[in-house]
Amino acid sequence: MAQPGRKTSPRLLALRRPLPSWVAHGIAIATCLALLILWEITVDLGWTNPIFLPAPSTIIATMWDMSVNGNLLPNTGVSIARVAVAFALSAIMAVPIGIAMSVYRPIGAGLEPVIDFIRYLPVPALVPLSIIWFGIGEETKIFLLWLGTFFQLVLMVAQDTDRVPHEYFEIASTLGAKPLEILRLVAIRAMLPSLVDNLRITLGWCWTYLIIAEIVASNSGLGFVIWTARRFMETSQVMAGVVMIGIIGLVTDQLLRRLHKKMFGYMHS
Amino acid sequence: MTMPYLQFNDITKTFGNLDVISPPFSLTIPHHQFMVFLGPSGCGKTTLMRMVGGLETASTGMIALQGEAIGEPDSRRGMVFQSYSSFPWLTVEENVAFGMRFRHDLTKTEKRDRAQHYLELVGLSNFAASYPNRISGGMRQRVAIARTLAAGSEILLMDEPFGALDAQRREQLQVELRRIQKEERKTIIFVTHDVEEAVYLADRIIVFSQRPASILEDIDVTAQIGDDRLLELRESPEFLKLRSSVLHTVRAALGSTQ
Ligand SMILES: Nc1ncnc2c1ncn2[C@@H]1O[C@H](COP(=O)(O)OP(=O)(O)OP(=O)(O)O)[C@@H](O)[C@H]1O
Ligand SMILES: [Mg+2]
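Residues numbered from 1 in each chain as written. Chains lettered and ligands numbered in written order. Predicted model: local features only at pLDDT ≥ 70, side-chain atom pairs only at ≥ 80, totals over all residues. Heavy atoms only, no water.

Asker: Whenever I open this one, the overall build of chain B confuses me. Can you help?
Answerer: Of the regular secondary structure elements, chain B holds eight helices and 10 strands. For chain B, the C-alpha radius of gyration of 18 Å lies close to 18 Å, the compact-globule estimate for 258 residues. The principal-axis extent of the C-alpha atoms belonging to chain B is close to 55 × 40 × 40 Å. Counted over contacts in chain B with a minimum sequence separation of 6, partners at least 24 positions apart contribute 70%. With the model as given, the accessible surface of chain B reaches about 11,400 Å², and the carbon-plus-sulfur share is 49%. If the 29 positive side-chain charges of chain B are averaged to one point and the 32 negative ones to another, these points end up 4 Å apart. (Helix = DSSP H or I, 4+ residues; strand = E, 2+ residues; numbered from the N terminus. Rg over C-alpha atoms; globule rule 2.2 N^0.38 Å. Contact = heavy atoms within 4.5 Å. Areas by Shrake-Rupley, 256 points an atom, 1.4 Å probe, with all protein chains shown as cover. Lys, Arg positive; Asp, Glu negative; His and termini not counted. Charge placed at Lys NZ, Arg CZ, Asp CG, Glu CD.)

Laid out in structure tokens, this is it:
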């Protein structure tokens, strides 16, 4: 019942009102389409110069052309492989080290200042050093991506481990679990949801650093494609490369989100 | 000769320069006793209990279980906390079976049967496959109790385990805990601030003084209201009389400083 003398606020304006997923998807798609159409129209009407901003239809056509006749796909493959290797390396190192930093205080005390220092070094500033050390081969790219992600990730993992309630450790120990069993069966399981989230976020950063690395020190990969196209003022090819990165990002992010929901159903009630 | 079951021998505890337990504290708890600790907030009840669990060490003195000094935590002494009591990523049944992972003396079928037995004991057989976020807070505490028993605990250390529950659930769990303790013949140390709960559950109550903790009163509850704790007992004159006398002691404890 509505209270007398007080207007009930319209349901649409109710805060945090749940939205059915088909409506949410519908709104998302409609927004994207609207933006694309708007963009297409501005170019078609000659409001912008296609040399600076090609129409979406041109970009799609260019992407198709570059895939069929050019080498967009192999270059995409190279970039994905670099990200995958560097990211895997980061994660494989960061997870155990981060956990160790949190649960064995001396390790944390020793590593934290070092990691904090390196973490604040901007990756581009280390490109020259990296080229001096590793030349311009694959090592440089992997190193730069690793550098940009490992030190961030290791601290996130340490923080995730810190946030596991101490009660879990204590309960497990009074149920007969030994320290390594507690880490394996309790700590990692308790932090896994936020670990997967942090991995997803870090994976996004990998792409940022990849493009930097490929622009300055590479003759393959999407960064190289974009940079070469720029030299010839092929704006639609530049855009095609950029859109490709966006698509890869979107797809992996969505996949990881789905995986998260599936794996951690016990959290979402 | 009978050896004392659980014995606190001249225990003191300081955190930095905070005296939590002093003068030296001594207490003997016989086998199968339901012991309740009552006392002002911050007096050191949790600290004493954590020492029995091996989660804290005494500054001086020692605690002995059947004549042996206790050390690192193990499955003989199980903890039940008020919060974070069950693992959210495991189903109810997996939670109950958790402690048996570390027991190599049981076969797979024995472990299954044991898990079933304890699930039934706490009335959760129908929720075996549920995750903790799908069941009530009271059920989660049952899970914790069943898990501790299934792991093979002889002593249950329960720190305000029903503190977050509403009155009805609380009463229901009290009845069951008392029944389970007698059926399974376990020794329990139970901390609470609720005098009614203390009197209903306990064979014996220790009332502590303000920090630093020392024993203000040692009350033999069974001698006064008997062993059989039917719900009706709560309205009986003996129960009410004992409850009000304990309440007075607790109030006196609040004013007590050493
Ligand atoms: N790890 C610790 N470090 C420093 N001080 C501590 C620590 N653990 C407990 N204390 C202090 O020791 C005192 C006793 O704490 P304890 O938790 O044993 O009290 P309690 O009787 O269980 O209180 P409550 O009824 O509020 O739970 C408190 O003053 C507390 O702040
Ligand atoms: Mg306490």
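Read on for the rest.
Asker: I tried to follow the interface of chain B and chain A on my own but got confused; where do I start?
Answerer: Many analyses report the size of an interface as the accessible area lost when the parts associate. Chain B puts 27 residues into the contact, and the matching count from chain A is 20 residues. When the two sides are added together, the surface that chain B and chain A hide from each other amounts to roughly 2,100 Å², 69% of it contributed by carbon and sulfur. Ranking the residues of chain B by area buried against chain A places B:Y84, B:W89 and B:F102 at the top, with a combined share of 34%. Scanning the region where chain B abuts chain A turns up one salt bridge. With its nearest N and O atoms 2.7 Å apart, the salt bridge here joins A:E170 to B:R50. Where chain B touches chain A, the interface holds three residue pairs in polar contact (both at pLDDT 80 or more). Put simply, the parts of the chain that give the side of chain B that touches chain A at least two residues each are α1 (45-53), β6 (77-80) and α4 (137-150) of chain B. Top contributing element to the side of chain B that touches chain A by residue count: β6(B), with three residues. Class assignment of the residues belonging to the side of chain B that touches chain A gives a composition of 12 nonpolar, nine polar and six charged. (Buried area = accessible area lost by both parts, 1.4 Å probe. Salt bridge = Lys/Arg side-chain N within 4 Å of Asp/Glu carboxyl O. Polar contact = N/O pair within 3.5 Å; in protein donor to acceptor, adjacent residues only side chain to side chain. Nonpolar A, V, L, I, M, F, W, Y, C, P; charged D, E, K, R; others polar.)

Asker: Got a minute to help me understand the UniProt feature "domain: ABC transporter" (unreviewed entry) in chain B in this structure?
Answerer: The feature "domain: ABC transporter" (unreviewed entry), as annotated in UniProt, sits at residues 6-235 of chain B in this numbering. Split by type, residues 6-235 of chain B is 32% helix and 26% strand. Its first and last C-alpha atoms lie 33 Å apart. (UniProt positions renumbered as here; feature names shortened; annotations may be inferred.)

Asker: Teacher, can you tell me more about the side chain of B:T91 here?
Answerer: All names here are of chain B. Among the structural elements, T91 can be located in the loop between β6 and α2 (92-97). What makes T91 buried here is its relative accessible area of 11%. Setting aside anything within four residues of it in sequence, one finds T91 in contact with A128, A129, S130 and Y131. (Buried < 20%, exposed > 50% of the residue type's maximum accessible area, 1.4 Å probe, protein only.)

Asker: What's the story with the pairing of strand β9 (residues 204-208) of chain B in this structure? I'm lost.
Answerer: Looking down a regular strand, the side chains alternate between one sheet face and the other. Residue and element names in this part refer to chain B. Of all five residues making up β9, five are buried, and the element is well covered by its neighbours. Neither face of β9 is open: one carries R204, I206 and F208, the other I205 and V207, and all of them are buried. Taken together, the four bridges between strand β3 (residues 34-38) and β9 define a ladder with parallel strand orientation. Across the sheet, V36 pairs through a bridge with I205, a residue of β9. Note that β9 and strand β10 (residues 215-220) share five bridges and pair antiparallel. Opposite I205, over in β10, you have I219 as the bridge partner. Connecting the antiparallel pair β9 and β10 is a turn made up of six residues. (Pairing = 2+ DSSP bridges.)

Asker: When you look at the nonpolar core in this model, what are you seeing that I'm missing?
Answerer: One broad rule of soluble globular proteins: the nonpolar side chains tend to lie buried together. Core analysis: the biggest nonpolar cluster contains 97 residues, and A:V186, B:L6, B:F8, B:F37, B:F87, B:F98 and B:I189 have the highest contact counts within it. With 16 residues, the single largest contributor to this core is helix α8 (residues 179-216) of chain A. Those residues in contact with A:V186 that sit more than four places away from it in its chain are A:Y168, A:A172, A:E181, B:F87, B:W89 and B:F98. Counting 48 residues, the second largest nonpolar core, distinct from the first, contains B:V143, B:L149, B:A198 and B:A202. (Core = buried A, V, L, I, M, F, W, Y, C linked by side-chain atoms within 4.5 Å.)

Asker: I keep staring at helix α3 (residues 72-103) of chain A and nothing clicks. Help me out?
Answerer: Because the α-helix completes a turn every 3.6 residues, residues three or four places apart line up on one side. Between the first and last C-alpha of α3(A) there are 46 Å, a value that for 32 residues agrees with the 46 Å anticipated at 1.5 Å per step. Its maximal kink placed at A:A94, α3(A) deviates by approximately 25°, while the proline A:P96 follows within four residues. (Expected span 1.5 Å × (residues − 1). Bend = angle between axes of the 7 residues up to and from the residue.)

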